[in-house]
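Below are the chains, spelled out letter by letter.
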Amino acid sequence: MQVSSMHFKRQASANLGNEKLQHALEKLQTKFVDGRAAAIAELPNFEELRSAAVEIRDRTLHRLDAYLVRFEQAASARGAVVHWAESAADVNRLVVEIARQHGVRKAIKSKSMVTEECALNDYLTNNGVEVLETDLGEYILQLAQEPPSHIVAPVVHKSKEDIADLFEKKHGRVRTTQIAALCREAREVLRPGFLAADLGISGANFIVAETGSVLIVTNEGNGRLTTTLPRVHIAITGIEKVVPTLEDATTLLRLLPRSATGQSITNYVSILTGVKGPNESDGPEHFHIILLDNGRSRLLGSELQAMLRCIRCGACMNHCPVYQNIGGHAYGWVYPGPMGSVLTPNFVGLENALDLPNASTFCGECAVVCPVKIPLPDLMRHLRRRQFERRLRSWPERVALRSWSWLAQRPRLYAIGTRIIARVLRIFAGGKNNLRFIPGLSAWTKDRNMPAPAGRTFRDLYRSRHRQ
Amino acid sequence: MSARENILTRIGNACASSAAVDIEKLIRSRQRGPIPPMEDDLTKRFSAQALRLASDVERAATLREVPGVIAAYLRVHRLLMQGVCWPALASYDWRNAGLDVQARAACADDMLGITGAFLGIAETGTLMLLSGALTPATVSLLPETHIAVLEKQRIVASMEDAWQQLRAEHGELPRAVNFISGPSRTADIEQTVTLGAHGPYRVLIIIVDG
Amino acid sequence: MPSSAKDLRVGLFVTCLVDLMRPCIGFATLKLLRAAGCAVVVPANQTCCGQPGYNSGDVPAAKALALKFLQEFDGCDYIVAPSGSCAGMIRVHYAALFKDDPAFTDNYRRLTEHVYELTDFLVNIVKLEDMPGDFSGTLTYHDSCSGLRELNVQAQPRALLARMPGVTLIEMREPATCCGFGGTFSIKFGDISARMADKKCQHIVETGAVGIVAGDLGCLLNIEGRLRRRGDWQTKVWHIAEVLAAGDDLCK
């Protein structure tokens, strides 16, 4: 996916003025935030589950190499072929190689954020493999040639009218804005695609070291179709997705859908192990699993390691007041919201995503709702520190910060400085006690007044009162 | 150096301090996480949860009654009395109930698929199906109506119990374990839940007492 | 640790924002602490807790100001600030800031564990029952983020308001959603910040309350600034200390 994270501010501002998007975001907020709250209220041992989930993720990350090798052994023993990819380019090359090896012309895909990291669809198309997205949201995006704006609800930024227009244009059928009818239309258009494909491409929500299995959760059933009908299946996933046992996967499954959409369980949970048996009528004959690093191993052992616990539920963005106001596209890459503000700089470079770690009020709600307790504000703060240390922040900002701390360490000078500021601003404010403009603070005063200082500092008043 | 070696080396260096953990022992311990508390009557729990997730639930006293229950359900919902079932269910007397059911994997045009279930999970009202030569996965997936026959004594409390049972009865995992919790659905358009996405539009679970 | 409030030596951390913008809040805090019987000390050289540097990645600056703070308040039984944000910075974040740094002695660690947000201190430590202030009217309360999520300040301010016979509290929608201030965020991302403030203002106005109260001046400046720009000059904006200690003597 094209990275546009360096244009965060411009993109965010544009989205603030997009009324349709604002309406869609409000709806997302009520559905997902309220849905999660209701689902969690039903679980008396939710906090215990969270702690158990953290323990599982940390225990696995602690010996990630051993668990990956264990997974590889178990998967291979069942006839799957495990590939390792260092980068997005590796993934793309591997998928095309596998497609050629098996004489594949047509591929279908179920939703996978990892393949969005790789921009796999474009690469496949350019290399003669026709590819069709089958998750309804991803299919709509493929028609519209747009990137997803949410990791769980990829097409949250579109209204049913937008989709009706798109379907009418692309399908040539009678336009309908009825949601159920739009869903049926997509089902009817996509069914032949499922039946004609020789290759199914999926992601994985977890991979299980014990059994060599790939675990996929879906609601639409497209994940099941993608991994059942075509004769070749490629599952592509990040190396951090490994869990030791089926029991561990189960604990995480109690948290994932509840945190994501407020469901107690997704409609389908499929655990796929190996290729189809000699007498089986369905299932792939060839099963390839690609394990992608793409910067993940760099996080291991660093201050940002906790980010590798992430199970991609999207709760952090659903609850983020910044995301709620600007939507996912503003973040400029695959992963929006707080999790993206930590991940994107790691993937695309700190200097190519300067705004992201700063685009948080540190309100802390993301960490509160994270099912695996990732301290997202602390991680963003750490990235701010790296930016500052690498002198990636602008010089006025650095000068302002340094001047403030220089002054604040000199109480006498500080007292004089603040005395002057309090007086001057008070005078400029006039009778209404409000300033409409302050030089150097136009970012504040553009849409807000600044309440005026009282005129004398606490320190001065306190001293004069105590003299009396 | 291959990508595999590069990745494993990087990870190994990052977690160098922790080489001594015996992961095989940890895996074999199969430690369970916290399981949500639930009532003792698993059938009741299962039914209530399945209904919540938009499955339909019917009861039958014996396996022999199943074709009749299915026929009645299809009539009420004005659905075709024709479809496919798992080869494992070939011996049911479908014809006597007025049903035209073929025992085979499903094709795209089949409107009704009848399956058994390895287990039911009471916690979430979920069906657990195993793929196999006699239990093809397509039957619960391609048709618009999926009907599953679940024996009451095959309802367990949690997914953890299901794993234990699976290991005891089968040793290893089949190609596909599918947990099914109601009809397929999507909320991708305006976060509005719509039943019937790419899989079935309706799921009927028949709980058999005897 | 002394057992009765009367024996407590409590350091008042005014905070830089209150010192500069609304000293009234500092005097209100003083009045409340004295009403609870505390012996209050106000270190004269106090300035800033170091939060701006800490949250902007300037670790050396944050550490320098943190050490300055710790030295000035050393010897206090408790330290109280009319701000969840500053109290959270000291109580929660100093330990992280000084991770593995010997300058952060055990003594300092204990000191930071005794830093309290004002309402938390009044309810849970000195258990103040009778508010010294005289106030009547309808209010709505905004939960400031750091106090709420770092220090668990949620029930305390509401409990204190409930002890004032003249106060009627009307809860707004989403009282715990961030107002958009976020320190430097409010300047770095002015338009996003203002939009968040605008939604907060909407929720406040919907309650019909005479005034909005909160425990952090940063939020209050943001909210008042947006209210006034929206043309709302009616809705009053108060720090909770100003309400709990309300009286003619406060801001002279």
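Residues numbered from 1 in each chain as written. Chains lettered and ligands numbered in written order. Predicted model: local features only at pLDDT ≥ 70, side-chain atom pairs only at ≥ 80, totals over all residues. Heavy atoms only, no water.

Explanation requested: the overall build of chain A in the structure shown.
Per the secondary structure count, chain A includes 22 helices and 12 strands. The principal-axis extents of the C-alpha atoms in chain A amount to approximately 100 × 55 × 45 Å. By the burial criterion, 66% of the 468 residues in chain A qualify as buried. In chain A, of all internal contacts separated by at least 6 residues, the share reaching a separation of at least 24 is 73%. As presented, chain A carries roughly 16,700 Å² of accessible surface, and 52% of it is formed by carbon and sulfur atoms. (Helix = DSSP H or I, 4+ residues; strand = E, 2+ residues; numbered from the N terminus. Buried < 20%, exposed > 50% of the residue type's maximum accessible area, 1.4 Å probe, protein only. Contact = heavy atoms within 4.5 Å. Areas by Shrake-Rupley, 256 points an atom, 1.4 Å probe, with all protein chains shown as cover.)

I tried to follow the interface of chain A and chain C on my own but got confused; where do I start?
The parts lose accessible area when they come together, and the size of an interface is often stated as this lost area. Between chain A and chain C, the contact holds 64 residues from the first and 64 residues from the second. Between chain A and chain C, the buried area comes to about 5,600 Å², and carbon and sulfur atoms account for 60% of it. For the pair chain A and chain C, the number of links is 4 salt bridges. A salt bridge links Glu365(A) to Arg149(C), with the nearest nitrogen and oxygen atoms 2.6 Å apart. (Buried area = accessible area lost by both parts, 1.4 Å probe. Salt bridge = Lys/Arg side-chain N within 4 Å of Asp/Glu carboxyl O.)

Any chance you could explain helix α20 (residues 411–429) of chain A here in plain terms?
Residues three or four positions apart in an α-helix share a direction because the helix packs 3.6 residues into each turn. For α20(A), built from 19 residues, the straight-helix expectation of 27 Å at 1.5 Å per residue is met to within 8% by its first-to-last C-alpha distance of 26 Å. At the exit of α20(A) stands Gly430(A), carrying a positive phi of roughly 70 degrees. (Expected span 1.5 Å × (residues − 1).)

Would you explain the packing of helix α22 (residues 458–467) of chain A against helix α2 (residues 23–35) of chain C in this entry?
Angle between the axes and distance between the axes are the two parameters that describe a pair of packed helices. Packing of α22(A) against α2(C) leaves a shortest axis separation of 8 Å and a crossing angle of 50 degrees. Judged on the interaxial angle alone, α2(C) and α22(A) are oblique. Regarding α22(A) and α2(C), the two cross each other, and that crossing is right-handed. Along the contact surface, α22(A) presents Phe458(A), Leu461(A), Tyr462(A), Arg465(A) and His466(A), while α2(C) presents Pro23(C), Gly26(C), Phe27(C), Leu30(C) and Arg34(C). (Axes fitted to C-alpha atoms, helices over the stretch in contact; angles between N-to-C directions. Parallel < 35°, antiparallel > 145°, perpendicular 65-115°, else oblique. Left-handed = near helix turned anticlockwise from the far one by under 90°.)

How do you make sense of the interface of chain A and chain B when you look at a structure like this?
Each partner contributes residues to the interface: chain A has 101 residues there, and chain B has 73 residues. Of the roughly 7,300 Å² buried between chain A and chain B on both sides combined, carbon and sulfur atoms contribute 56%. Viewed at the interface, chain B and chain A are joined by 15 salt bridges. Put simply, Glu210(A) and Arg30(B) hold a salt bridge, and the shortest N to O gap is 2.9 Å. In this assembly, chain A and chain B are joined by 44 residue pairs in polar contact (both at pLDDT 80 or more). Considered class by class, the residues forming the side of chain A that touches chain B number 45 nonpolar, 27 polar and 29 charged. (Polar contact = N/O pair within 3.5 Å; in protein donor to acceptor, adjacent residues only side chain to side chain. Nonpolar A, V, L, I, M, F, W, Y, C, P; charged D, E, K, R; others polar.)

When you look at the domain arrangement of chain C in this model, what are you seeing that I'm missing?
Residues and elements named next belong to chain C. On domain assignment, one finds that chain C holds domain 1 (5–125) and domain 2 (137–244). The C-alpha-based centres of domain 1 and domain 2 are spaced at 22 Å. Interface area for domain 1 against domain 2, summed over the two sides, is near 2,000 Å², with a carbon-plus-sulfur share of 66%. Looking at the side of domain 1 facing domain 2, the largest losses of area belong to Arg-22, Thr-119 and Val-123, adding up to 27% of the total buried there. (Domains from an automatic or database assignment.)

Before we go on, may I ask you to explain the arrangement of the chains in this structure?
The structure contains 2 pairs of chains in contact, of which chains A and B account for the largest number of contacts. Across the gap from chain B to chain C, with no contact made, the nearest C-alpha atoms are 19 Å apart.

Got a minute to help me understand the pattern of salt bridges in this structure?
It is possible for side chains of opposite charge to pair when their charged atoms get near one another. By the definition in use, this model includes 62 salt bridges over all chains. Between Arg22(C) and Glu242(C) there is a salt bridge whose closest N-O contact spans 3.0 Å. Of this pair, Arg22(C) sits in the loop between α1 (16–20) and α2 while Glu242(C) sits in helix α13 (residues 240–244), placing them 220 residues apart in sequence. Taking the shortest distance from any N to any O, the salt bridge between Arg226(C) and Asp198(C) comes out at 2.9 Å. Here the residue Arg226(C) occupies a position in helix α12 (residues 217–229), and Asp198(C) occupies one in helix α11 (residues 190–207), the gap between them amounting to 28 residues. Classification of Arg226(C) by relative accessible area gives buried; the value is 17%. When salt bridges with common partners are traced through the structure, they connect Lys27(A), Lys160(A), Glu161(A) and Glu190(B) into a single cluster.

How should I be thinking about α12(C) in this particular structure?
For α12(C), built from 13 residues, the straight-helix expectation of 18 Å at 1.5 Å per residue is met to within 8% by its first-to-last C-alpha distance of 18 Å. Trailing α12(C) by a residue or two, Gly231(C) shows a phi angle of about 95 degrees, which is positive.

Hey, could you run me through the nonpolar core in this one?
The tendency in soluble globular proteins is for nonpolar side chains to be buried side by side. Of all hydrophobic cores here, the largest spans 146 residues; its most connected members are Phe8(A), Met307(A), Tyr335(A), Met128(B), Trp163(B) and Ile192(C). Core analysis: the second largest hydrophobic core is formed by 93 residues, Met21(C), Tyr54(C), Leu70(C) and Val115(C) among them. (Core = buried A, V, L, I, M, F, W, Y, C linked by side-chain atoms within 4.5 Å.)

Please clarify how the sheet that holds strand β7 (residues 232–238) of chain A should be interpreted in this entry.
Either a parallel or an antiparallel arrangement is found when strands of a sheet pair, and the pairing is made through backbone hydrogen bonds. Residues and elements named next belong to chain A. Taken in spatial order, the 6 strands of this open sheet run β1-β10-β7-β4-β2-β3, and their pairing is parallel. Bordering the open sheet on either side are β1 (80–85) and β3 (130–133), each of which pairs with just one other strand. Each adjacent strand pair in this sheet contributes to an overall mean axis angle of 20 degrees, direction not counted. One ladder, built from 7 bridges, connects β7 with strand β10 (residues 286–292); its direction is parallel. Each residue of the ladder has a partner; that of Thr-237, found in β10, is Leu-291. (Pairing = 2+ DSSP bridges.)

Explain the environment of Val123(C) to me, please; I cannot follow it from the model alone.
Residue and element names in this part refer to chain C. On the secondary structure map, Val-123 appears in helix α7 (residues 118–125). Residue classification places Val-123 among the buried residues on the basis of a relative accessible area of 15%. Put simply, Val-123 and Arg-230 are 107 residues apart on the chain and 35 Å apart in space, counted from C-alpha to C-alpha. Contacts of Val-123, omitting those with residues within four sequence positions, involve Gln-156, Leu-160 and Arg-163.

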